[in-house]
Amino acid sequence: MMLKKIDDAVNKFEGTVSVVLFLIMVLVVCWSVICRRVLKITFLQGEELARYLMIYVVYLGTSVGVKNKSHIGVEVFMDLLPEKARKYVKIATETLCMLIFLLLFVLAIQYMMHLVKTMQMTTTTQLPMFCIFVCVPVSMFLGILHYIAEISDMIRNVLPQKGEEV
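Below or above, wherever it landed, is the structure these notes cover. Because the structure is a prediction, the values reported are computed rather than measured. (Residues numbered from 1 in each chain as written. Predicted model: local features only at pLDDT ≥ 70, side-chain atom pairs only at ≥ 80, totals over all residues. Heavy atoms only, no water.)

**A few points about the overall build of the protein chain**
For step 1, the next point in the chain: For the protein chain, the helix and strand inventory stands at six helices and zero strands.
For step 2, the next point in the chain: Scanning the protein chain from its N terminus toward the C terminus, one meets helices and strands in the order α-α-α-α-α-α.
For step 3, the next point in the chain: By the compact-globule yardstick of 15 Å for 166 residues, the protein chain is too spread out, its C-alpha radius of gyration being 21 Å.
For step 4, the next point in the chain: Along the longest, intermediate and shortest principal axes, the C-alpha atoms of the protein chain span 75 × 35 × 30 Å.
For step 5, the next point in the chain: Per element, the accessible surface of the protein chain, about 11,200 Å² overall, is 72% carbon and sulfur. (Helix = DSSP H or I, 4+ residues; strand = E, 2+ residues; numbered from the N terminus. Rg over C-alpha atoms; globule rule 2.2 N^0.38 Å. Areas by Shrake-Rupley, 256 points an atom, 1.4 Å probe, with all protein chains shown as cover.)

Spelled out as structure tokens, the structure:
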């Protein structure tokens, strides 16, 4: 039960941050257009900043999608299975997805360490690239937390309860 509360709190935080970053991105793009069309000046950092904000929104949205079960899936095959088998296949599928997120998390950490070591900077804003790329391992980690919560809940629902016959 505690895991579910933490999972829900993390999901609420992710959703809020995603909305705020999206609104900032919209403001940056609007300001860039105003600068270019009305003020006749260039806001070079605007395009790059909007791009990086979009990357953050997408990766945080990936984690939110795990929690809300909004990712694409093939339900046709699942519907053909008996109810009991469907539950076990669903657990296996969620576990496989979690392992993929774990692999992506490890690879993202390795790449981020490379970016820290090389101190690569963005073109116009001159931000360290690892500051931009940190959203990838963070979102993978949050997705893993959502998968753990979901899988544990599914296992709890599949296993017989006390006093229940097998």
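**Regarding the state of the cysteines**
For step 1, the next point in the chain: Tallying each qualifying case throughout the model produces zero disulfides.
For step 2, the next point in the chain: Note on Cys35: no disulfide assigned, nearest cysteine sulfur contributed by Cys30 at a separation of 11 Å.
For step 3, the next point in the chain: The class for Cys35 is buried, based on a relative accessible area of 2%. (Disulfide = S-S within 2.5 Å. Buried < 20%, exposed > 50% of the residue type's maximum accessible area, 1.4 Å probe, protein only.)

**Let's talk about the side chain of Glu150**
For step 1, the next point in the chain: Note on placement: Glu150 falls in helix H6 (residues 135-158).
For step 2, the next point in the chain: Among all residues touching Glu150, those that are not within four sequence positions of it are Lys69 and Glu94. (Contact = heavy atoms within 4.5 Å.)

**Here we look at the pattern of salt bridges**
For step 1, the next point in the chain: One pass over the full model with this rule turns up eight salt bridges.
For step 2, the next point in the chain: For the salt bridge of Asp8 with Lys67, the shortest nitrogen-to-oxygen distance reads 2.8 Å. With a gap of 59 residues between them, Asp8 in helix H1 (residues 2-38) and Lys67 in helix H2 (residues 44-68) connect regions that are remote in the sequence.
For step 3, the next point in the chain: Here the salt bridges do not stand alone but share partners, grouping Lys4, Asp7, Asp8 and Lys67 into one network. (Salt bridge = Lys/Arg side-chain N within 4 Å of Asp/Glu carboxyl O.)

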